[in-house]
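# Geometric and topological summary
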Amino acid sequence: MDNLLKLAIEAHGGLERWHQFKVVRANVSITGAVWHLKGQPDVLKNVQVVAQLHRQHLVTHLIGKDRRTIFSTGQVSIESESGVVEETRVDPITSFRGQNMDTPWDSLHVAYFASYALWSYFTIPFLYTYPGFISEEIAPWQEDGEQWRPLRVTFPDSIAGHTRNQISYFGPDGLLRRHEYTVDVLGNAPGLNYASDYRATNGLMVPHKRRVFAYDSEKRKVVEPLLVAIDIHEIEFS
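Right, let's walk through the structure included here. (Residues numbered from 1 in each chain as written. Predicted model: local features only at pLDDT ≥ 70, side-chain atom pairs only at ≥ 80, totals over all residues. Heavy atoms only, no water.)

## Observations regarding the pattern of salt bridges
Pairing between side chains of opposite charge can happen when the charged atoms of each approach one another. Evaluation of the coordinates by the stated rule reveals 14 salt bridges. A salt bridge links E136 to R152, with the shortest nitrogen-to-oxygen separation between them at 2.6 Å. Here the residue E136 occupies a position in strand 7 (residues 134-137), and R152 occupies one in strand 9 (residues 146-154), the gap between them amounting to 16 residues. Here D157 makes a salt bridge to R164, at a shortest N to O gap of 3.2 Å. Overall, R164 belongs to the partly exposed group, its relative accessible area being 29%. Three or more residues joined by partner-sharing salt bridges are found here, namely E143, R178, E180 and K219. (Salt bridge = Lys/Arg side-chain N within 4 Å of Asp/Glu carboxyl O. Helix = DSSP H or I, 4+ residues; strand = E, 2+ residues; numbered from the N terminus. Buried < 20%, exposed > 50% of the residue type's maximum accessible area, 1.4 Å probe, protein only.)

## Quick notes on the pairing of strand 10 (residues 165-170)
Burial analysis of strand 10 places 5 of its 6 residues in the buried class, the great majority of the element. Direction of pairing for strand 9 relative to strand 10: antiparallel, over a ladder of 6 bridges. Within strand 10, the residue paired with P150 across the bridge is Y169. Bridge analysis of strand 10 against strand 11 (residues 176-183) gives 4 bridges, and the strand direction is antiparallel. Bridging across to strand 11, I167 finds its partner in E180. Hairpin geometry of strand 10 and strand 11 is characterised by an intervening segment of 5 residues between the two adjacent antiparallel strands and by a positive phi of about 85° at G174. (Pairing = 2+ DSSP bridges.)

## Things to note about helix 4 (residues 107-123)
Taking 1.5 Å of rise per residue, 17 residues should cover 24 Å, and helix 4 covers 24 Å from first to last C-alpha, within 8% of that figure. By the criterion of burial, helix 4 is predominantly enclosed, with 16 of the 17 residues buried. Looking at where helix 4 begins, the residue whose side-chain oxygen comes 3.0 Å from the main-chain nitrogen of L108 is D106. (Expected span 1.5 Å × (residues − 1). Polar contact = N/O pair within 3.5 Å; in protein donor to acceptor, adjacent residues only side chain to side chain.)

## A look at the nonpolar core
Taken as a class, soluble globular proteins show a tendency for nonpolar side chains to be buried jointly. Core analysis: the biggest nonpolar cluster contains 67 residues, and V28, W35, L44, Y116, F122, Y128 and F237 have the highest contact counts within it. A total of 12 residues in this core trace back to one element, the largest contributor, which is helix 4. Core analysis: the next-biggest nonpolar cluster, separate from the first, contains 8 residues, W141, Y169, L192 and Y194 among them. (Core = buried A, V, L, I, M, F, W, Y, C linked by side-chain atoms within 4.5 Å.)

## What to know about the pairing of strand 15 (residues 228-237)
Each regular strand shows side chains that alternate between the opposite faces of the sheet. Counting buried positions over the 10 residues of strand 15 gives 7, a clear majority of the element. As judged from the 4 bridges shared by strand 13 (residues 204-215) and strand 15, these two strands associate in the antiparallel manner. Note that in strand 15 the partner of V212 across the bridge is V228.

## Here's the deal with helix 1 (residues 3-11)
Restricting attention to buried positions, one finds in helix 1 the residues L4, L5, A8 and I9. Summarising the axial view, the buried residues of helix 1 lie within an arc of 135°, below the 170-degree limit, and thus occupy one face. Residues of helix 1 that are exposed and point over 90 degrees away from its buried face: N3 and E10. Those residues of helix 1 that are buried lie in contact with helix 2 (15-18), strand 7, strand 9 and strand 10. After helix 1 finishes, the residue G13 shows a positive phi value of roughly 130°. (Arc of directions from axis to C-beta. Contact = heavy atoms within 4.5 Å.)

## Some details on the environment of T129
Summarising the element assignment, T129 is placed in the loop between helix 4 and strand 7. The spacing of T129 and G145 is 16 residues in sequence and 29 Å in space, taken between C-alpha atoms. Discounting residues that sit within four places of it in the chain, T129 has contacts with M1, L5, I9 and L15. Here F126 takes part through its backbone oxygen, which lies 2.7 Å from a polar atom of the side chain of T129.

## Here's the deal with unusual backbone geometry
In the segment running from I124 into P125, the intervening peptide bond is cis, with an omega of 5°. Mapping P125 onto the fold places it in the loop between helix 4 and strand 7. With an omega dihedral of 0°, the bond running from E224 to P225 counts as a cis peptide bond. By secondary structure assignment, the location of P225 is in the loop between strand 14 (221-222) and strand 15. Non-glycine residue D42 carries a positive phi angle of around 60°. The topology assignment puts D42 in the loop between helix 3 (33-37) and strand 2 (47-52). On the accessibility criterion, D42 (40% relative accessible area) is partly exposed. One non-glycine residue, N202, adopts positive backbone phi at about 50°. A residue is classified by how much of its surface remains accessible, and N202, at 33% relative accessible area, is partly exposed.

And the structure:
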């Protein structure tokens, strides 16, 4: 394991503790400009998510709407809370072909994108120890008066993600500061995902706020618009 990844794993709670848990449950608010661009404003403003930690599976309950979405790598569905299936899309990644930032989304597009993204956010940096991931430390980065250590990570084809090659930046304390990527399903749009408001939860360090911006040619964030805001109100691992 890369030395930087070892530091990050320990800072976030350690692999031994991580392997004690199978599921994370969280009450979350997800807002931002991207949902307006896609014609789906406030669709995820009040949701409860239940994610499996060691396989890519996530259920999102749309509070007060008698609807939930079920996500796995190769399929996404929408059903009632009693289990009546409304819509299903197999191999959902193919439905994004030819899209860009302005292309409207339907409910299954939203479910797929939000689900794979949230699943990775909940599992990083432990995710990078899973089979098929390749990581290496690259040149340090200066931001917010700190020197951050970037870890370049290649995702395996078996895991749905923003794109195959991503970079996670860790602060002197080993905690994730920023996550850099392009987004395949948004026409390779650039994204900088900043993690903050860390709190200890079941012995794990969890950022309760994430803010996503575009970035310029020098990899600096473009502060307007705020593309995605993720706020965790409650979270528990079991």
